[in-house]
Amino acid sequence: MSSYLIMGGRVIDPASGFDAVTNVLIEDGKVKTLGSASPRGYQVIDARGKVVAPGLIDMHTHLREPGKEDEETIASGAAAAVAGGFASVASMPNTDPPIDNEAMVEFIYLQAKRCGKANVFAIAAATKGRKGEELSEIGQLVRGGAVAFSDDGNSIANADVMRRVLQYAGMFDKAVISHCEDRNLSRDGVMNEGYMSTVLGLPGMPAIAEETMVHRDIMLAAATGSKVHIAHVSTAVSVELVRRAKEKGIRVTTEATPHHLVLDETALRTFDPNFKMSPPLRTKKDVEALRRGLTDGTIDAIASDHAPHSSEEKDVEFSAAPFGVIGLETTLPIVLTELVGKNVLSLNEAVARLTLNPARILGIPRGTLSAGAVADVTVIDLDKEIEIDPSRFISKSRNCPFAGRKLRGCATVVLVGGRIVSGGNG
Amino acid sequence: MRPEIPIEPKPGWNRRHLLGLEELSADEITLILDTARSFKEVSTRDIKKVPALRGKVIVNMFVEPSTRTKTSFSLAAKRLSADTVDFSPSTSSLSKGETLKDTARNIEAMGVDIVIVRHWAPGVPLMLSNVLKASIINAGDGAHEHPTQGLLDIFTIRELKGRIRGLKVVILGDITHSRVARSNIWGLTKLGAHVTVCGPATLVPPFIEDLGVKVSHNVDEAIADADVINLLRIQMERQKANLFPSVREYSRIFGIDGERMKRTRKDVLIMHPGPINRGVEIAPDVADGEQSVILKQVTNGLAVRMAVLFLVAGVKELEGEERA
């Protein structure tokens, strides 16, 4: 295995608070040291003028394998991930069949290993078949490598089932990830319920469909003492509920997606299905509240909720299109341009929300550049100008809400376990 | 051999599509209404046909059942001497896995000038206008807009009241699911009417006040000084979706009957986009009563649709044809 000297970059490691221009030595797949020394015998990665961060982690992706391999595979998703700067992704279990037994979890790891791009960490179903009825074999799933539990888009409607999932997963100190949506309230909605849904005549999903579930899950987390992670928080009230819960010491964490942090429901005037996702794009006020939550630390992580769909399914009437947009190859440039570039987050805070924080939530040994850590590294060029062109994505799908955007900043080199998996050579 | 084309090409119109009334200016709406008035006169002649759109091909693409709108558009096209083709989902490829865009492109490849589209999904007319070269006319897209219905309602009000500005118009019924309500609201408010929407709280959508209307849940209060009451059809499936308790209760609380008519202005206009549910939102004696203008709306619909087809088809080709 090659040894690398990542030379002269601004090294940011939120775990230790380190932020200085220095060299990073990589040996045997691990970070050897940070420091000004530049010994011989190492392949040099020139990072002068660039940022060297722990390998980025996207804690919320959908890789569609098994079941929808025309939209994405573990291999194509992992390749798209490293192209977008992510050394690791966590994959959601809403495949067909769902990831609800040990063998299937091992299958995810096997497929990821075969393609040799990003690390893929499996999130397993919290209940059998993601039906919200019976607990899945959480203990065996943990043995197979599951890092967290979630029924993903199927919010667990039965509060007693959710309580048992939290209690049981708590034994293994695993987070339960909740897509908070009361389906009785969101009904047949396809967008945020509000002024825009009234104008466009599209059925709405009210904010309370999310908020009542956020509230319930926080209360269940408090009652069980277990960890709940609120996926893709999207409303101002949800952010406030999480903020207050954290103040009380309840073990709740949350993430937000780039699209919820940057876009609002007015984008739907075009009736473009690439703006259709669940939770839906909300109002400008919600976007502002999310950004405040990101700034003050209420929102721990930024995650793409990468949800590939084939064009024949997605590029249809807005009402008929499935929910979801892709994000692996746009998240970092969006964060750098729209959040760091507009002073919502400092660069260090942004890096923490894409590395250390998701690593902690998932309990995975990643997200830091401290000596001895696995050498997952992302080198970022803050000045590189790019234009989002979905036709050039590595992902198999094209359902991107940021097509045509001109952005500044992207990953240039990604190392996973001390191997260059993207970029390099220059 | 035909009568002279009665319309001088009007400046002030440069739209290839009619997707909704939201994007139109008051002047553009007035232009359509004035053009429609000229076309209405054509309908009174012995020979009701003008050669304005001779050689044009118009397709009626109705991906949702419709009787009167489709018939009205067909007749309007025929009176303008256009060739018309019908396209409905039962005989189309839409059920065979072909996407709407592909179907539309195929139709256009046959050389179509105007596509009149009715679809259950909001936004389909806009989507088609982005992929087709033909002019698109929205004949109703889900609960979004039904611009020609809004125009014919406004035309009828203007014809009978002589103005729109300052009139009090009540739109009564299921506002949430009504494209007719939305198009009326856009058009009427742009022309200076005072619009109140009235219906059960479960069937009035959020933030509708931001469209410049008042909201009421009290029918008698709302209609007391109304110049116009536009009744919307109540769909029975909304009751199954738990949006109102029963047809009987709806009829009692929100229906307009003879008794209630006594408490309105004597010159109030009763309108309805049809098809009406007799005995539900409107009592038979009201539907057939002196204040009802429901059939006048249908007649005017023809003139309005002729005007819209004429305007979007553009005047250039028409002049070329005359010289030929």
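Residues numbered from 1 in each chain as written. Chains lettered and ligands numbered in written order. Predicted model: local features only at pLDDT ≥ 70, side-chain atom pairs only at ≥ 80, totals over all residues. Heavy atoms only, no water.

### With respect to the overall build of chain A
Thinking step 1. Scanning chain A from N- to C-terminus turns up 14 helices and 18 strands.
Thinking step 2. A globule of 426 residues ought to have a C-alpha radius of gyration of about 22 Å, and chain A, at 20 Å, matches this closely.
Thinking step 3. Counting only C-alpha atoms, chain A reaches 65 × 45 × 45 Å along its principal axes.
Thinking step 4. Counting all 426 residues of chain A, 62% fall into the buried class.
Thinking step 5. In the form shown here, chain A has an accessible surface area of approximately 15300 Å², with 49% of it arising from carbon and sulfur atoms.
Thinking step 6. With 47 positive and 53 negative side-chain charges, chain A shows a separation of 4 Å between the mean positions of the two kinds. (Helix = DSSP H or I, 4+ residues; strand = E, 2+ residues; numbered from the N terminus. Rg over C-alpha atoms; globule rule 2.2 N^0.38 Å. Buried < 20%, exposed > 50% of the residue type's maximum accessible area, 1.4 Å probe, protein only. Areas by Shrake-Rupley, 256 points an atom, 1.4 Å probe, with all protein chains shown as cover. Lys, Arg positive; Asp, Glu negative; His and termini not counted. Charge placed at Lys NZ, Arg CZ, Asp CG, Glu CD.)

### Description of the interface of chain A and chain B
Thinking step 1. Taken together, the 19 residues of chain A in the interface contact 24 residues of chain B.
Thinking step 2. Between chain A and chain B, a total of about 1700 Å² is buried, with carbon and sulfur atoms accounting for 62% of that surface.
Thinking step 3. By the criterion of area lost to chain B, the three top residues of chain A are Tyr195, Thr198 and Glu317 of chain A, representing 35% of everything that side buries.
Thinking step 4. As a salt-bridge pair, Lys101 of chain B and Asp315 of chain A come within 2.7 Å of each other at their nearest N and O atoms.
Thinking step 5. Linking chain A with chain B are six residue pairs in polar contact (both at pLDDT 80 or more), by the criterion used here.
Thinking step 6. The greatest single-element share of the side of chain A that touches chain B, amounting to five residues, is contributed by helix H6 (residues 195-200) of chain A. (Contact = heavy atoms within 4.5 Å. Buried area = accessible area lost by both parts, 1.4 Å probe. Salt bridge = Lys/Arg side-chain N within 4 Å of Asp/Glu carboxyl O. Polar contact = N/O pair within 3.5 Å; in protein donor to acceptor, adjacent residues only side chain to side chain.)

### Section: a nonpolar patch on the surface
Thinking step 1. Among the surface-exposed residues, Tyr168, Met171 and Phe172 of chain A lie close enough to one another that they form a single nonpolar patch of about 290 Å² accessible area.
Thinking step 2. By the element assignment, Tyr168 of chain A lies in helix H4 (residues 159-171). (Patch = residues over 30% accessible without salt bridge, like charges linked within 9 Å, V, L, I, M, F, W, Y side chains within 5 Å.)

### So, the side chain of Ser3 of chain A
Thinking step 1. Locating Ser3 of chain A in the fold gives a position in the segment before strand E1 (4-13).
Thinking step 2. In this view, Ser3 of chain A contacts Ile26, Glu27, Tyr42 and Gln43 of chain A; residues no more than four positions away in its chain are not counted.

### Focus: the environment of Arg263 of chain B
Thinking step 1. Note that Arg263 of chain B resides in the loop between helix H10 (258-261) and strand E9 (269-271).
Thinking step 2. Along the primary structure Arg263 of chain B and Ala36 of chain B are separated by 227 residues, whereas in three dimensions their C-alpha atoms are 34 Å apart.

### Quick look at the domain arrangement of chain B
Residues and elements named next belong to chain B.
Thinking step 1. Assigned domains within chain B: domain 1 (26-143 + 300-323) and domain 2 (147-298).
Thinking step 2. Measuring from the centre of the C-alpha atoms in domain 1 to the corresponding centre in domain 2 gives 27 Å.
Thinking step 3. Contacts between domain 1 and domain 2 engage 25 residues on the former and 24 residues on the latter.
Thinking step 4. Approximately 2000 Å² of surface area, both sides summed, lies buried where domain 1 meets domain 2, with 59% of it carried by carbon and sulfur atoms.
Thinking step 5. When residues of domain 1 are sorted by the area they lose upon contact with domain 2, Leu33, Ala143 and Asn300 head the list and together hold 32% of the total.
Thinking step 6. Taken together, domain 1 and domain 2 are joined by three salt bridges.
Thinking step 7. One salt bridge connects Lys40 with Glu159, and the closest N-O pair in it is separated by 2.6 Å.
Thinking step 8. At the boundary of domain 1 and domain 2, one finds 13 residue pairs in polar contact (both at pLDDT 80 or more). (Domains from an automatic or database assignment.)

### What to know about the nonpolar core
Residues and elements named next belong to chain B.
Thinking step 1. Judged by nonpolar contacts, the single largest core of 159 residues is most densely connected at Ile116, Leu151, Ile171 and Leu309.
Thinking step 2. Of all the elements, helix H12 (residues 294-313) adds the most residues to this core, at 11 residues.
Thinking step 3. Formed by 25 residues, the second largest nonpolar core is a distinct cluster that contains Val219, Ala226, Leu231 and Val280. (Core = buried A, V, L, I, M, F, W, Y, C linked by side-chain atoms within 4.5 Å.)

### Quick word on the pattern of salt bridges
All names here are of chain A.
Thinking step 1. A complete count under the given rule lists 44 salt bridges over all chains for this structure.
Thinking step 2. We note a salt bridge from Arg48 to Asp46, for which the minimum N-O separation is 2.8 Å.
Thinking step 3. Note on Arg48: relative accessible area 53%, which makes it exposed.
Thinking step 4. Between Asp173 and Lys227 there is a salt bridge; the shortest N-O distance is 3.9 Å. In this pair, Asp173 is assigned in the loop between H4 and strand E10 (175-178) and Lys227 in the loop between helix H7 (207-224) and strand E13 (228-230), connecting sequence segments 54 residues apart.

### So, the confidence of the model for chain B
Thinking step 1. Overall, the prediction assigns chain B a mean pLDDT of 90, with 91% of residues at 70 or greater.
Thinking step 2. In the predicted structure, residues 315-324 of chain B sits below a pLDDT of 50 and forms 11 contacts with residues beyond four places in sequence or in another chain. (pLDDT = per-residue confidence, 0-100.)

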